[in-house]
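# Structural overview for review
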Amino acid sequence: MRHLLSTADLSRDEAIRVLDVAEDMADVATREVRKLPTLRGITVVNLFYEDSTRTRISFEAAAKRLSADVINFAAKGSSVSKGESLKDTAQTLAAMGADGIVIRHPSSGAPRVLADSGWVEAGIVNAGDGTHEHPTQALLDAFTIRRRVHGTVSRGRALDGVEVMIVGDILHSRVARSNAWLLRTLGAHVTVVAPPTLVPVDVSRFGVDVRYDLDEALAEVSPDVVMMLRIQQERMNDAFFPNPREYARSWGLGAARFRSLPPSTLVMHPGPMNRGLEISDEAADSPRSTVREQVTNGVAVRMAVLYLTLAGDREDAS
Ligand code: NCD
């Protein structure tokens, strides 16, 4: 794997391989010394043009656990705010010897531009581009689901027949897009549920079922996983729903709706959560919520992705 730009590029075998390598990486986290020499001498740049807490820290922890040198580059306070183009920034990073670039950018497609441009030789990992894709989030979600569904014998397995419901702001969500592709590749069945105003016009390309009434959908589909998405106010320049109370009542995972779910249904959220809007405390903090597990698993999954894109012919991870 040279770059990781989109989950749509991953075959079923490739996706399973990433999840399996992530299992090896998760094992490392349980050792006394939680570090591998795999990427010693490799420089990874975290190039973040958008705010991020967990994704940036997670990539940093992942690169460090593989012994890479890490440079964190936040667009705020850099020459980017003086108008430096992506090309000039990329060439600066290339001149400094970046082997891998983890990029988050507000424009959909920016990571692919970087990968196809020839400005840098580095392996490119998409850490979220606009409303387009967030492949490592989808991989960590798939990893989390696989572990919960198959337990300790999950290596080599996919998600065949697993019912996943993705609820909320689908329109602005790169997490929804990346998950739709990946979960389908792994054999899961995906339903998205949202108010009509928050469903993208090209949703038919996702290969998912679309529903608008959450209670009806929950009753009829009986999902194994309910993935709640954040209402992305920063990407909304219009009124997409009447008001927050109405949204929470119709599409949020409130306490009563949460209690009505089958007892084995998992509750996921990529974070950051708007508690009281798309998710209640009761749902977010319950034992069936994987919110914290997702964050933990994110490090192992990003270690796997960095290893597979940057280690080349180096020795095997395990
Ligand atoms: C997601 C993102 O940035 O796309 N968050 C994340 O990476 N943890 C989802 C979101 O912002 O709602």
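Residues numbered from 1 in each chain as written. Predicted model: local features only at pLDDT ≥ 70, side-chain atom pairs only at ≥ 80, totals over all residues. Heavy atoms only, no water.

### Brief notes about the pattern of salt bridges
Side-chain pairs of opposite charge can arise whenever the charged atoms involved come near each other. With the rule as written, the count across this model stands at 19 salt bridges. Salt bridges sharing common partners tie together Asp24, Asp27 and Arg155. (Salt bridge = Lys/Arg side-chain N within 4 Å of Asp/Glu carboxyl O.)

### Description of unusual backbone geometry
Here the bond from Gly271 into Pro272 is cis, since omega is -5°, no more than 30 degrees from zero. Relative to the assigned elements, Pro272 resides in the loop between β9 (266-268) and α10 (281-284). At Ser67, a position not held by glycine, the phi torsion is positive, near 70°. Take Ser67: it is sitting in the loop between α2 (54-65) and β2 (69-74). Located in the positive-phi region is Ser222, a residue other than glycine, with phi close to 50°. (Helix = DSSP H or I, 4+ residues; strand = E, 2+ residues; numbered from the N terminus.)

### So, the packing of aromatic side chains
Within this structure, the stated rule accounts for 3 aromatic pairs. Centre to centre, the rings of Trp181 and Phe206 are 6.1 Å apart; their planes meet at 45°, and the pair counts as tilted. Of this pair, Trp181 sits in helix α6 (residues 174-185) while Phe206 sits in the loop between β6 (189-193) and β7 (209-211), and the two are 25 residues apart along the sequence. Note on accessibility: Trp181 and Phe206 belong to one class, buried. Here Tyr247 and Trp251 contribute two aromatic rings whose centre-to-centre distance is 5.8 Å and whose plane-to-plane angle is 35°, an arrangement assigned as tilted. You can see Tyr247 and its partner Trp251 sitting in helix α8 (residues 244-251), 4 residues apart, about one turn around the helix. (Phe/Tyr/Trp six-rings, centres within 6.5 Å; stacked < 30°, edge-to-face > 60°. Buried < 20%, exposed > 50% of the residue type's maximum accessible area, 1.4 Å probe, protein only.)

### Some points on the nonpolar core
Met25, Leu139, Ile166, Leu186 and Leu306 are the most contacted members of the largest nonpolar core, which totals 90 residues. No other element matches helix α11 (residues 291-310), which puts 10 residues into this core. Counting contributing residues per domain, this core is built from domain 1 (7-132 + 297-314) and domain 2 (135-294), each supplying no fewer than three. The residues contacting Leu186, other than those within four sequence positions of it, are Arg12, Ala15, Ile16, Leu19, Ala142, Ala158, Leu159 and Asp160. Ala90, Ala110, Ala122 and Ile124 belong to the second-largest nonpolar core, a separate cluster that totals 18 residues. (Core = buried A, V, L, I, M, F, W, Y, C linked by side-chain atoms within 4.5 Å. Domains from an automatic or database assignment. Contact = heavy atoms within 4.5 Å.)

### A closer look at the sheet that holds β7
Strands sit in the order β7-β6-β5-β8-β9 across an open sheet of 5 strands; the sheet is parallel. For this open sheet the edge positions go to β7 and β9, each flanked by a neighbour on one side alone. Averaged over all pairs of adjacent strands, the angle between strand axes in this sheet comes to 20°, irrespective of strand direction. (Pairing = 2+ DSSP bridges. Axes fitted to C-alpha atoms, helices over the stretch in contact; angles between N-to-C directions.)

### So, empty space enclosed by the protein
A full pass over the atoms with the stated rule returns 2 cavities of 30 Å³ or more. The space that makes up the largest cavity amounts to roughly 80 Å³. Lining of the largest cavity is provided by Arg54, Ser58, Gln137, Leu140, His269, Pro270, Gly271, Val291, Gln294, Val295 and Arg302. When contributions to the lining of the largest cavity are tallied by element, the ones reaching two or more residues are α2, α5 (135-150) and α11. By residue class, the composition of the lining of the largest cavity is 4 nonpolar, 5 polar and 2 charged. Looking at which domains feed residues into the lining of the largest cavity, each of domain 1 (7-132 + 297-314) and domain 2 (135-294) supplies at least three. Of the voids in this model, the second largest cavity is the one considered here, and its volume is about 30 Å³. As for the second largest cavity, its lining consists of Leu5, Ser6, Gly109, Pro111, Arg112, Asn126, Asp129 and His132. Contributing elements (two or more residues each) for the lining of the second largest cavity: α4 (110-117) and β4 (123-129). Classifying every residue of the lining of the second largest cavity by side-chain character gives 2 nonpolar, 4 polar and 2 charged. (1 Å grid on protein atoms, 1.4 Å probe; cavity = no way out; pocket = protein on both sides within 12 Å on 5 of 7 lines; lining within 4 Å. Points joined across faces, edges and corners; volume = space filled by probe spheres on them. Nonpolar A, V, L, I, M, F, W, Y, C, P; charged D, E, K, R; others polar.)

### Here's the deal with the domain arrangement of the protein chain
As assigned here, the protein chain comprises domain 1 (7-132 + 297-314) and domain 2 (135-294). Placing the centre of domain 1 and that of domain 2 at their C-alpha centroids yields a distance of 25 Å. Listed as interface residues are 32 residues of domain 1 and, on the opposing side, 34 residues of domain 2. Of the roughly 2,700 Å² buried between domain 1 and domain 2 on both sides combined, carbon and sulfur atoms contribute 54%. Between domain 1 and domain 2 we count 7 salt bridges in total. When the shortest N-O distance is used, the salt bridge between Arg155 and Asp24 registers 2.9 Å. Inspection of the region where domain 1 meets domain 2 yields 18 residue pairs in polar contact (both at pLDDT 80 or more). When residues of the side of domain 1 that touches domain 2 are traced back to their parent elements, those giving at least two are α1 (12-29), α2, β3 (100-105), β4 and α11. Counting residues per element, the side of domain 1 that touches domain 2 draws most heavily on α1, which supplies 11 residues. Residue classes in the side of domain 1 that touches domain 2 are distributed as 12 nonpolar, 10 polar and 10 charged. (Buried area = accessible area lost by both parts, 1.4 Å probe. Polar contact = N/O pair within 3.5 Å; in protein donor to acceptor, adjacent residues only side chain to side chain.)

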